[in-house]
Amino acid sequence: MVFAAPGEALARAEAVLGDRPSPLHASVAHQVIGIWQRDFGDMRLALTHLRRARTWAARADSAEREADVLATLGVALVHAGRTRQGMDALGRGVERGTGHTRARVLFRRAYSWWVLGHHKEALEDVRRAIPVLRQAEDVIWTARALTLRATVHLALGSVERAVADFTAAEALWDTTGQEHDKADAVESRGLAAFRAGDVPAALRLLDEAEERYAKLGTPTFMLNIRRCEVLMAAGLAAEALTEADAAIRELDGMGGQSTRKAELLLAAARAARLAGEPQTAIARAALAVRLFAGQRRTWWETHARLVLIGARHAAGRGSGRLVADAAAVAERLAALGAPAAPEAFLLAGRIALELGRTADSERHLAVAARSRHGGPPLARMTGWAAQALRAQAAGSTRGVLEACRRGLDVLDDHRMTLGASELRARATAQGAELAALAQKASLVSGRPRRLLVWSERWRATALSAPPTRPPADRALLSGMTAYREIAARAEEARMDGRPVPALEREQRRLEREIRSRTLHMRGKAPDGGDRFDVGRLLARLGDEMSLVELAVLDGRVQVLLCGRGRVRRFEAGPLAAAETEAEHVQAGLRRLAHPGAQARLPVVEAAGRRLEELLLGPAAAHLGDGPVVIVPPGRLHRVPWALLPSLRERVLSVSPSASSWLRAKETAPPPGGRQVLVRGPGLATGGAEVPELARRYGGATVLEHDDATVPRVLRELDGAGLAHIAAHGAFRADGPLFSSLRMADGPLIVHDFERLDRSPYRIILSCCDTARFAAVGADELLGLVTALLPLGTAGVVACSVPVNDAAVVPLMVALHEALGTGLSLAEALRDARAGLPADALHRATGWAFTAFGAA
């Protein structure tokens, strides 16, 4: 019962001990309590009860009972880090038991071998156990043995064998009432899905397993470790680190298994390294190495050493000793048959290459490169990264570009299995090194067109295809409705000065639930994509328009000026200096949004001139007189481009990529061209421009007051030609897809927009913070505007800083007047700015708004 109904089993066992049991029954009861404490409680108490169980078994004079208890005690000792004692107990159990009992002991020794990383020995013991368990028609233990064998196969990279065993085990579990084991089977399927490269299915199954464990009230440390692996593969390393550290604290608090603590420390170290926290990774990995060594777990210790070496390298500690350590770990992993061996050879080769030890580098990279032709996507990525570094060392630009192309193609296929736009964006971080290598090779070749192609290859890829539309999932829809109601109540309470902690806790819970369900979405099969064509771009630009794409290589801004049939390259300033200056400009614009800050205007304008020097450099003198499209990297998304002197008086638009601009340019407006005007609550001006625009457009749909609810607004926005939304905007840096516009019934969030069949062709967002983004992945942006662009929107006007509500009204009215003459959004915004009063307040308001896209 201890795995079917743990709490009830514990109570029954304690009741048995309170009733003067026979030695045989006392042995069973102490064993049950020991198992419960071992897996769900305090390891010291577990060992105490299991030793008593062994003593009572000896008094009962039952060799079979003693063998069974020895097996349970052995597993507990191994988990406590007392490896030699544990394996000795398991060996004595095998000797004492016969037949069916001996098969159960063999299973538990196989499990212990797996915990220790001795996979060959684990497979041998479980191979001997399964036929006997089947012959005895022991369904539960046969299913456990099949699950264990599948798990060992996964550790060795044999996914197909693992899936076959998991499937057979699950069919057996369906005939039993073993709820804990059933939850474990779902968890195991999640691990198999992950190893097969299906991240959404893995997340869904692990979440389902967690729900099952929660009903049983049992801790889930193995699940935490596995979910950390999946989160890291999904680009959510910071979340994986948070989960691992929280599980370690919980485990320490209950005096739990030492083996699980070591594995959680290893997961935390991997996550910290991927999250860009090398010192944290070093601390976690060093402790994991010590624990694994004390537990005699060579397989695990070697993996922890790999993470420790990688973290030291990331912290800038490259040395010949580090190369030797990495090579030794790589050889050891290869001897153990670990799938991580290519990663270790790549690390050794990379460090050697940085130190100029080309012979050593070539030897290690050649071994790592063999993994490029088979295995899961991330393993093939490792192989192509090694091949690209080999070509770079050999001075072969062609070889570098070919390896980078092949590696990014693999990652493209992997990304497209992800349905959630957040996961697609974050997954690009895994291709950042290949993209950077290709860009450097292109720069060295002296061919600006080639550099443009590679700058585009890994920029704003999450926008290259619409995200998978959220399913008509009742739980998801009801969760979003509940979230909206709670958020509205919390906002109302804040305005009344009432405390909101309980509402905020419920809001965070609902956010986690919504996000979890959207991450489960699986993407559509890749269709080969629409490759970027420089010739097509130049043809669209013609002789009057210019597109400026900014690439960053080795910390400096490279300006690629496209137009009049050619691509030219200019070098501008350091990216770090430009980011600092952009922050100063943002602060200045925030000050200018308030009356009485006129004296700040010259300071802000001077900062705009410095930004131009840093971002455009000599290219500013070659822009000509026509319209300009700016394509900045993600880290420069907050620059108010209209403030730069050479861009101030011209038609200006911004796009996340040249490919995105081309798609917007070629997007046809919907038939009918409906206009939708929305006015949300709580605006300082009451959304004063909306009644004026309603008179201008005549037959426009106007949603205001109680009509401006999220369901109604979404229904009207779908397929509209033009939408104007005057509503308070809230940007969420901690959860960009929960950035929102406030409607009458609560927030309209980015997840809501993703449910549209087609977002409005043109959309104007007239309030603060609607053009703010979170930079994630390699060069991706998540936010309201970037959610709209893949869904059919060809042009957006939005604002990246807080603005003066009253000053916005004349700007918006002028913008719509210009649109009425047939101008594009960028042209209309230029003219609207020019028509504003020349005081600091109105000029800052005009600079704060940006036209995105091409409509």
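All of these numbers come straight from a predicted model, not from anything done at the bench.

Definitions and cut-offs
- Residues numbered from 1 in each chain as written.
- Predicted model: local features only at pLDDT ≥ 70, side-chain atom pairs only at ≥ 80, totals over all residues.
- Heavy atoms only, no water.
- Axes fitted to C-alpha atoms, helices over the stretch in contact; angles between N-to-C directions.
- Helix = DSSP H or I, 4+ residues; strand = E, 2+ residues; numbered from the N terminus.
- Parallel < 35°, antiparallel > 145°, perpendicular 65-115°, else oblique.
- Left-handed = near helix turned anticlockwise from the far one by under 90°.
- Contact = heavy atoms within 4.5 Å.
- Nonpolar A, V, L, I, M, F, W, Y, C, P; charged D, E, K, R; others polar.
- Buried < 20%, exposed > 50% of the residue type's maximum accessible area, 1.4 Å probe, protein only.
- Pairing = 2+ DSSP bridges.
- Salt bridge = Lys/Arg side-chain N within 4 Å of Asp/Glu carboxyl O.
- Core = buried A, V, L, I, M, F, W, Y, C linked by side-chain atoms within 4.5 Å.

Engineer: Lay out the packing of helix 14 (residues 258-274) against helix 16 (residues 298-314) with the relevant residues and their values.
Structural biologist: One way to put it is that helix 14 packs onto helix 16 with a least axis distance of 10 Å and a crossing angle of 25°. Judged by the angle between their axes, helix 14 and helix 16 are roughly parallel. Like other packed secondary-structure pairs, helix 14 and helix 16 cross with a definite hand, here left-handed. Contact residues: helix 14 offers Glu 263, Leu 266, Ala 269, Arg 270 and Arg 273, while helix 16 offers Trp 300, His 303, Ala 304, Leu 306, Val 307, Gly 310 and Ala 311. Classifying every residue of the contact of helix 14 with helix 16 gives seven nonpolar, two polar and three charged.

Engineer: I'd like a description of the pairing of strand 4 (residues 628-631), backed by residues and values.
Structural biologist: Of the two faces of strand 4, the one holding Val 628 and Ile 630 and the one holding Val 629 and Val 631 are both buried throughout. Of the strand pairs in this sheet, strand 1 (residues 546-553) and strand 4 are connected by four bridges, and their pairing is parallel. Among the inter-strand pairings, Ser 546 is bridged to a residue of strand 4, identified as Val 628. When strand 4 meets strand 5 (residues 652-654), the two strands line up parallel, connected through three bridges. Paired with Val 629 across the two strands is Ser 653, which belongs to strand 5.

Engineer: Pulling in residues and values, what's your account of the pattern of salt bridges?
Structural biologist: When charged atoms on two side chains of opposite charge get close, those side chains can pair. Within the structure shown, the criterion is met by 64 salt bridges. The partner of Asp 252 in a salt bridge is Lys 261, and the shortest N-O contact between them spans 3.2 Å. Put simply, Arg 363 and Asp 360 hold a salt bridge, and the shortest N to O gap is 3.1 Å. Of this pair, Arg 363 and Asp 360 both sit in helix 19 (residues 358-369), three residues apart, which is roughly one turn of the helix. The class for Arg 363 is partly exposed, based on a relative accessible area of 47%. Judged by its relative accessible area of 18%, Asp 360 falls in the buried class. Taken together, the shared-partner salt bridges connect Glu 402, Arg 405, Arg 406, Asp 409, Asp 412 and Arg 457 into one network.

Engineer: Could you give me a rundown of the nonpolar core, with the residues and numbers involved?
Structural biologist: Counting 139 residues, the largest nonpolar core has Trp 114, Leu 148, Leu 333, Cys 404 and Leu 423 as the members making the most contacts within it. When residues of this core are assigned to their parent elements, the largest contribution, 10 residues, is made by helix 6 (residues 99-116). Leaving out residues up to four positions away in the same chain, Leu 423 has contacts with Leu 203, Ala 234, Leu 236, Leu 418 and Leu 519. Within the second largest apolar cluster, 104 residues are counted, among which are Val 639, Ala 771, Ala 787 and Leu 825.

Engineer: Let's hear about unusual backbone geometry: which residues, and what values?
Structural biologist: Look at Glu 137: it is not a glycine, yet its phi comes out positive at around 55°. Along the chain, Glu 137 falls in the loop between helix 7 (119-135) and helix 8 (139-155). Here Glu 137 falls in the exposed class, since its relative accessible area comes to 71%. Although it is not a glycine, Arg 564 sits at a positive phi angle of roughly 55°. By secondary structure assignment, the location of Arg 564 is in the loop between strand 2 (556-563) and strand 3 (566-574). For Arg 564, a relative accessible area of 33% gives the class partly exposed.

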